[in-house]
Amino acid sequence: MPNPFQPLQNALRTLVENAQVLPATGQAVVDMVTPDLEEIYDQRTTGEATIHNVCETDARSLYRPVRPIPRSEEHGFRYFVDGSARTYFIGTVLEQDRSTPVQISQVGAAIVRREDDGRIRVADSRRTILLTLEKSQVSEPLWQALEHALVGVPGYTLCDSATNNRYADAIGLQEPRPRGAHRANWHMRELEIELARSLPRANDEWLVVDGSLGNEFETWRGAPLVGVAKTFRRDSRFELGTGPRARKINLFGLLKDLQENQRTIVFPRNNESKIVFWYVRIRPQKHLDYPLMGVVKVEMPNPDRGPVDSHLVDRISGWLVAERRVSPYGRDGRWHAHLYPIYIAEQVICSQFYSEEVLKSGIQWPF
């Protein structure tokens, strides 16, 4: 097969001819993203940790029973979007007294549609390869030469790890290599949002976005969607009611009593109600390693900021509980909170990525 990374050679040659390059031992090294991005993003987008209000029409009980609603009865969730990013460190560029890591990232996102008979097909997808450096650590002529080397090359993007990097900025991360990996994951997030906005859907065709909804969904008025997070912030506190009946409870106290086929009451994010959230236990605590396992956090845009219809939340939660029937057990450590179509969407993108062996053999510094 032809070398899929051949279009990068001009950019790599530009670096070699204009600066000193220290190649990575073994040609490419995987750069992992830590800590858990979903939890960090949830912390930074939800603002205040203490919630003082509830936001649904029937707020009489902290927990509500959920009846599983299979798609044969009501097929609410039709579309599912997820993404993936893999980042590789391929060397360091030295220019005068400055240096920057050079990283290659494969980034993509996919939306899948589920038909009434359960078959899943790809509705749309996006994929790109990022060449990432820290722009402030190279001269302007070198950066412009890199841009020129990639002009007109489809599927490749030159990326500055220091800008438009909300994940890294959220945790105050300064180290260049981790910032590069986080930049790739933020690009993945942007692809997911782009797909969610561009896909034409009917008003009864709900979309599930993997992970928490960012602030960009606060004014969402398109076709209906929810974000479903498998991991989420753990420092949340809830101070509900006033007087002698007031309750103060932290997240662990809230979820330890949440039973299978139950959801919590709906809470406003940031105490502003532009986005609301609640928790659903889709699997029983029995045989799970930790009380928070088997629980997902559901977020939904609420641009009108009024109380959310409790019956609608019950239906959405019922659809979610019914999704537990198929699980990638043993294939993913988050199986206990996974929705199978989300898993399929992720596999669609990962199947389009080049293997590490192809990447290592295809990317060669032209010394």
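Higher on the page you've got the structure.
Description of the structure in this document. Just so you know, these numbers come straight off a predicted model, no measurement behind them.

1. A word on the overall build of the protein chain
Then, in step 1: Across its full length, the protein chain holds nine helices and 16 strands.
Then, in step 2: When burial is assessed residue by residue, the protein chain has 56% of its 367 residues classed as buried.
Then, in step 3: Considering only contacts in the protein chain between residues 6 or more positions apart, those separated by 24 or more positions represent 72%.
Then, in step 4: By element, 48% of the accessible surface of the protein chain is carried by carbon and sulfur atoms, the whole surface being about 16300 Å².

2. Quick notes on the nonpolar core
The tendency in soluble globular proteins is for nonpolar side chains to be buried as a group.
Then, in step 1: Phe77, Val226 and Trp278 are the most contacted members of the largest nonpolar core, which has 32 residues in total.
Then, in step 2: Of all the elements in the fold, those that place two or more residues in this core are strand E5 (77–95), strand E6 (98–114), strand E9 (206–210), strand E10 (225–229), strand E15 (275–281), strand E16 (295–301), helix H7 (310–322) and helix H8 (340–352).
Then, in step 3: Ranked by the residues each element gives to this core, the list is headed by H7, at five residues.
Then, in step 4: Once residues lying within four places of it in the same chain are set aside, the contact partners of phenylalanine 77 are Arg114, Trp206, Val208, Val226, Ile316, Trp319, Leu320 and Glu323.
Then, in step 5: Residues Ala11, Val21, Val138 and Trp143 belong to the second largest nonpolar core, which totals 28 residues.

3. Observations concerning the pattern of salt bridges
Then, in step 1: Considering all chains together, one arrives at 23 salt bridges under this definition.
Then, in step 2: A salt bridge links arginine 114 to glutamate 323, with the nearest nitrogen and oxygen atoms 2.7 Å apart. Taken together, the residues span a long stretch of sequence, with arginine 114 in strand E6 and glutamate 323 in the loop between H7 and H8 at a distance of 209 residues. Like arginine 114, the residue glutamate 323 is buried in the burial classification.
Then, in step 3: Residue glutamate 356 pairs with lysine 360 through a salt bridge whose shortest N-O separation is 3.3 Å. Of this pair, glutamate 356 and lysine 360 both sit in helix H9 (residues 356–362), four residues apart, roughly one helical turn.
Then, in step 4: Residue classification places glutamate 356 among the partly exposed positions, given a relative accessible area of 29%.
Then, in step 5: With relative accessibility at 26%, the residue lysine 360 sits in the partly exposed group.
Then, in step 6: Within this structure, Glu56, Asp58, Arg60, Arg64, Arg263 and Asp314 form a network of salt bridges that share partners.

4. Focus: the sheet that holds strand E11 (residues 237–240)
Then, in step 1: Sheet architecture is open: three strands sit in the order E3-E11-E12, paired in mixed fashion. Only two strands of the sheet have a single neighbouring strand rather than two, namely strand E3 (50–51) and strand E12 (247–250).
Then, in step 2: Where E11 and E12 come together, four bridges link them in antiparallel fashion. If you follow phenylalanine 238 over to E12, its bridge partner there is isoleucine 249.

Procedures and definitions
Residues numbered from 1 in each chain as written. Predicted model: local features only at pLDDT ≥ 70, side-chain atom pairs only at ≥ 80, totals over all residues. Heavy atoms only, no water. Helix = DSSP H or I, 4+ residues; strand = E, 2+ residues; numbered from the N terminus. Buried < 20%, exposed > 50% of the residue type's maximum accessible area, 1.4 Å probe, protein only. Contact = heavy atoms within 4.5 Å. Areas by Shrake-Rupley, 256 points an atom, 1.4 Å probe, with all protein chains shown as cover. Core = buried A, V, L, I, M, F, W, Y, C linked by side-chain atoms within 4.5 Å. Salt bridge = Lys/Arg side-chain N within 4 Å of Asp/Glu carboxyl O. Pairing = 2+ DSSP bridges.

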